Amino acid sequence: MRYVDAVTDISIADIKVDLMRTAYDNDRALLNSFDPRVVLLWTVLFMIVPWLFYDPLPLAVLLAAAFVLAALSQVSKYLLALLLFGQVTNVGFFVVMVPAVGGAIRAAGYLGDNTGRVTEGLAALDPAVLGEVWSIAVGATARGVDTALTSQEVGIDAVGAVVPFFLKLTIISVISLAVFSAMSPRKLSKGMLRLGVPRQLTFAIAYGYRMMPLLVEEYHALVNSFRLRSQVPENTGFLKWRYFYYLLKLSVKAFYPLIFNVAKRARVTVEAMETKGFSRSLGDEQSRALRTEGMMVRTRDVSFVFGSLLFVAAVWAFT
């Protein structure tokens, strides 16, 4: 219920807190307690495992296990909700959108074929043309509905065929969210650095993690400042389109100061790091060893990997 309540009762403050928790240390997350090198290699391994299964049942079991891992790793509920929304809309595209568009095109084509007769009847001021218009409209609707229903049956069959593919993508996405949301940027960069990833890239990833909540906070402050200096339209219009257009203009106006502030902050960060000798330390092995000291593969890390492999073997054997 905690995840459901969080999604239905969403607020900007909740999103910012969630991003802060993702960007900084998440000590209570399960995956954050393991060695980052082991977690990264485990992630690569489990990007491959779903493609070894073809039946929906074992994939559903793996997906359930991935969601349990995501819950233990305290993955952002908003990211999970966004992921599930994307998968549901993919299914809805095949079942609803494609048949609806196909039916609309079929109906429009029938109307286009009979436009000439209606035009001639209207030009001749023939009263019988009204009945003919009605019959054409009924015929177009019937053909559109028939095409939509037929396409929907095909779409449902297509969804059934691609369900394993969707399950595989969802498993990989949930595992990726669990790993990169649970591990702190510092720990993630250390693990990648020890695995041989260039330090410039590890620094860019860690810096991006750190900057994300600051950007959200600053963007929110800029939008609020523009709202204080502007006036909300009194007449909101149909379906409040004027109000949403007003919010859209504010969001665009707030975007440009944000970019300038990001450039300024990046320049200050670069100057501060160069003052501390960042460029000189890039190729220094002692600096690399100093940054990654204390990392150790322990028994619980090995047990986690072998336990995961035993679980996959059990799924393979019993499903």
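The rules we used
Position numbers for residues count from 1 along each chain, tracking the sequence in the order it is written. pLDDT decides what is reported in this predicted model: residues at 70 or higher carry local features, side-chain atom pairs at 80 or more are listed and counted, and totals for whole chains, interfaces and linings draw on all residues regardless. Each side-chain value is derived from all of the structure's non-hydrogen atoms; neither hydrogens nor water enter the calculation. Secondary structure is summarised from DSSP: a helix means a run of H or I of at least four residues, a strand means a run of E of at least two, and numbering begins at the N terminus for each. Per-residue accessibility, obtained with a 1.4 Å probe over protein chains only, is compared with the maximum for each type, and a residue is labelled buried under 20%, exposed over 50%, and partly exposed between these values. Pairs of residues are marked as contacts when any of their non-hydrogen atoms sit within 4.5 Å. Using a 1.4 Å probe, the Shrake-Rupley method yields the accessible areas, and only the shown protein chains count as cover for residues. Geometry of aromatic contacts follows a simple scheme: Phe, Tyr and Trp rings, the Trp one being its six-membered ring, pair when their centres are within 6.5 Å, and the pair is stacked under 30 degrees between planes, edge-to-face over 60, tilted otherwise. The rule is short: NZ of Lys or CZ of Arg within 6 Å of the ring centre and within 35 degrees of the ring normal puts a charge over the ring. One speaks of a salt bridge when a side-chain nitrogen belonging to Lys or Arg is within 4 Å of a carboxyl oxygen belonging to Asp or Glu. To estimate how far a helix should reach, multiply one less than its number of residues by 1.5 Å. Each polar contact in these results corresponds to two N or O atoms within 3.5 Å; when the atoms are within protein, one needs to be able to donate a hydrogen and the other to accept it, and residues that are neighboring in sequence are counted only if both atoms are side-chain atoms. Think of a nonpolar core as a cluster: buried Ala, Val, Leu, Ile, Met, Phe, Trp, Tyr and Cys residues, connected wherever their side-chain atoms sit within 4.5 Å.

Trainee: Mind laying out the overall build of the chain, listing which residues take part and the relevant values?
Mentor: Along the backbone of the chain there are 13 helices and zero strands. Going from N to C terminus, the chain has its helices and strands arranged as α-α-α-α-α-α-α-α-α-α-α-α-α. The burial tally for the chain puts 32% of its 319 residues in the buried class. Across the chain, contacts joining residues at least 24 apart in sequence account for 85% of those joining residues at least 6 apart. Approximately 19,600 Å² of the chain is accessible, and the part contributed by carbon and sulfur atoms is 69%.

Trainee: Help me get a handle on the packing of aromatic side chains, residues and values and all.
Mentor: Inspection of the entire model under this criterion finds 11 aromatic pairs. Here the aromatic rings of Trp-42 and Phe-304 are separated by 5.1 Å at their centres, their planes lie at 40°, and the arrangement is tilted. Here Phe-304 lies in helix H13 (residues 299-318) and Trp-42 lies in helix H3 (residues 36-48), a separation of 262 residues in the sequence. Given a relative accessible area of 5%, Trp-42 falls into the buried group. An angle of 20° between the planes, with centres 5.7 Å apart, marks the rings of Phe-203 and Tyr-207 as stacked. Residue Phe-203 and its partner Tyr-207 are located together in helix H9 (residues 199-228), separated by four residues, close to a single helical turn. Residue Tyr-207 is classed as partly exposed on the basis of its relative accessible area, which comes to 24%. Over the aromatic face of Phe-226 sits the side chain of Arg-229, whose NZ or CZ is 5.0 Å from the ring centroid.

Trainee: Just give me the short version of the pattern of salt bridges, but keep the residues and values in it.
Mentor: One pass over the full model with this rule turns up four salt bridges. A salt bridge links Arg-267 to Glu-271, with the shortest nitrogen-to-oxygen separation between them at 3.3 Å. Of this pair, Arg-267 and Glu-271 both sit in helix H10 (residues 241-275), separated by four residues, roughly a single helical turn. In this structure, Asp-301 engages Arg-298 in a salt bridge whose closest nitrogen and oxygen atoms are separated by 3.6 Å. Looking at Asp-301, the relative accessible area reads 0%, which means it is buried.

Trainee: Provide a residue-level description of H10, including the pertinent values.
Mentor: Turn by turn, an α-helix covers 3.6 residues, leaving residues three or four places apart pointing in a common direction. The terminal C-alpha atoms of H10, which comprises 35 residues, lie 51 Å apart, in line with the 51 Å expected from a rise of 1.5 Å per residue. Tucked into the core, H10 has its buried residues touching H9. Following H10 by one or two positions, Gly-277 has its phi on the positive side, about 85°.

Trainee: For the side chain of Glu-218, give the residues involved together with the corresponding values.
Mentor: Locating Glu-218 in the fold gives a position in helix H9. Side chain to side chain, Glu-218 and Arg-265 meet in a polar contact 2.9 Å long. Residues contacting Glu-218, with those up to four places away along its chain left out, are Leu-258, Asn-261 and Arg-265.

Trainee: Explain the nonpolar core to me, and be specific about the residues and the numbers.
Mentor: For soluble globular proteins, the rule of thumb is that nonpolar side chains tend to be buried together. Within the largest apolar cluster, 36 residues are counted, with the highest numbers of intra-cluster contacts made by Leu-31, Trp-42, Phe-53, Leu-62, Ile-175 and Val-179. Secondary-structure elements contributing two or more residues to this core are H3, helix H4 (56-72), helix H5 (77-113), helix H7 (128-182), helix H8 (185-194) and H13. A total of eight residues in this core trace back to one element, the largest contributor, which is H7. Among the nonpolar cores identified, the runner-up in size contains seven residues, and Phe-226, Tyr-246, Ala-254 and Leu-258 belong to it.

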